[in-house]
Amino acid sequence: MDDHKTVLGLKLPTDPRWVNIAEMQIEDILVDHAYCEQKAASSCISLIIQYPEKAELVDVLTPVVAEEWAHFERVIEQLKKRGYALGYARKDEYVTALNKVLNKGGSRDQQLVEKLLMNALIEARSCERFKLLWKNIADEELQTFYYELMVSEAGHYVNFIELAKVYMPEEYVKSRWEEILHAEADIIRSLEVRGDRMH
Ligand SMILES: [Fe+2]
Ligand SMILES: [Fe+2]
């Protein structure tokens, strides 16, 4: 089995050069990563606020907010240990490009599924990148850190996909997911490989 190609259905594996340059810019990677966790937590909070009538969504995403915020705390701890400060968030070109892929029309449930699949996708790509960091980075503490996060984000990926299937039929979710995966591969291909960013 080709492990990279099959990470949660992604159509394009990360450029292998990325992990080597990322390791050389670990401060930037940690800062960028901290904001990825913050955005993940914020995104779950927004979904809960926008869809409070959806009991299953509220049930599933409430603990995810806490988990993402615990990840944020863990990244901050890694920064501190190394004598680095958090720094400002940068413009997230990956997420901006992904947002353009989402269908803006359709029913309220279709809109929700677009958002859930977007979250699933970011989890899948993050999971793939954590796996690369876990397997390739020399720092043993960071290896364990990225391994644990990889497992956690894979669980979140499942949460989002399963929630999407609660609100739209499975066939619809599958076909939309395939389309979004292809669009994401094009986005990854179009972005410069930078070692100071998670995506
Ligand atoms: Fe996370
Ligand atoms: Fe996550």
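These remarks concern the structure in this document. As the structure is a computational prediction, the values presented were derived from the model and not from experiment.

Calculation notes
- Residues numbered from 1 in each chain as written.
- Chains lettered and ligands numbered in written order.
- Predicted model: local features only at pLDDT ≥ 70, side-chain atom pairs only at ≥ 80, totals over all residues.
- Heavy atoms only, no water.
- Helix = DSSP H or I, 4+ residues; strand = E, 2+ residues; numbered from the N terminus.
- Rg over C-alpha atoms; globule rule 2.2 N^0.38 Å.
- Contact = heavy atoms within 4.5 Å.
- Areas by Shrake-Rupley, 256 points an atom, 1.4 Å probe, with all protein chains shown as cover.
- Lys, Arg positive; Asp, Glu negative; His and termini not counted.
- Charge placed at Lys NZ, Arg CZ, Asp CG, Glu CD.
- Salt bridge = Lys/Arg side-chain N within 4 Å of Asp/Glu carboxyl O.
- Buried < 20%, exposed > 50% of the residue type's maximum accessible area, 1.4 Å probe, protein only.
- Donors = N, O, S within 2.8 Å, 3.2 Å for Na, K, Ca; no water.
- Core = buried A, V, L, I, M, F, W, Y, C linked by side-chain atoms within 4.5 Å.
- Tetrahedral: all angles 85-135°; square planar, octahedral: opposite > 155°, others 65-115°.

1. Some words on the overall build of the protein chain
No. 1: Check the secondary structure of the protein chain and you find seven helices and zero strands.
No. 2: In sequence order, the protein chain lays out its α and β elements as α-α-α-α-α-α-α.
No. 3: Over its C-alpha atoms the protein chain spans a radius of gyration of 16 Å, differing by no more than 12% from the 16 Å that the globule rule assigns to 199 residues.
No. 4: Reported as C-alpha extents along the three principal axes, the dimensions of the protein chain are approximately 45 × 30 × 30 Å.
No. 5: Counting only contacts in the protein chain whose residues sit at least 6 apart along the sequence, the fraction spanning at least 24 positions is 83%.
No. 6: Accessible area of the protein chain: about 9,700 Å², with a carbon and sulfur share of 55%.
No. 7: Of the charged side chains in the protein chain, 25 are positive and 35 negative; the average position of the first set lies 4 Å away from that of the second.

2. Observations concerning the pattern of salt bridges
No. 1: One pass over the structure, following the stated rule, counts 19 salt bridges.
No. 2: We note a salt bridge from Arg 125 to Glu 128, for which the minimum N-O separation is 2.8 Å. Taken as a pair, Arg 125 and Glu 128 lie in helix H5 (residues 108-136) at a separation of three residues, close to a single helical turn. Here Arg 125 and Glu 128 have matching classes, each one buried.
No. 3: One salt-bridge network, in which partners are shared between bridges, spans Asp 32, Lys 39, Arg 90 and Asp 92.

3. What about the coordination of the iron ion (ligand 2)?
No. 1: Those donors, Glu 68 (OE), Glu 123 (OE), Glu 123 (OE), Glu 153 (OE) and His 156 (ND1), are the protein atoms that reach the iron ion (ligand 2), and they lie 1.9 to 2.3 Å from it.
No. 2: The sequence motif formed by the donor residues of the iron ion (ligand 2) is E-x54-E-x29-E-x2-H.

4. What about the nonpolar core?
No. 1: Formed by 35 residues in total, the largest nonpolar core has its most connected members in Leu 47, Leu 57, Leu 61, Leu 116, Leu 117, Leu 121 and Trp 177.
No. 2: Put simply, the parts of the chain that give this core at least two residues each are helix H2 (26-50), helix H3 (55-81), helix H4 (93-101), H5, helix H6 (140-167) and helix H7 (170-190).
No. 3: It is H5 that contributes the most residues to this core, eight residues altogether.
No. 4: When residues no more than four places from it in sequence are discounted, the contact partners of Leu 121 are Leu 10, Tyr 94, Leu 98, Trp 177, Ile 180, Leu 181 and Glu 184.

5. Quick notes on the coordination of the iron ion (ligand 1)
No. 1: Those protein atoms acting as donors to the iron ion (ligand 1) are Glu 37 (OE), Glu 68 (OE), His 71 (ND1) and Glu 153 (OE), and they sit at 2.0 to 2.2 Å.
No. 2: For the iron ion (ligand 1), the four donor atoms in the first shell make angles of 93 to 142 degrees at the metal, a pattern classed as irregular.
No. 3: Along the chain, the residues donating to the iron ion (ligand 1) fall in the pattern E-x30-E-x2-H-x81-E.
No. 4: Between the iron ion (ligand 1) and the iron ion (ligand 2), both coordinated by Glu 68, there is a metal-metal distance of 3.5 Å. In this pair, Glu 37 sits in helix H2 while Glu 68 sits in helix H3, placing the two residues 31 residues apart along the sequence.

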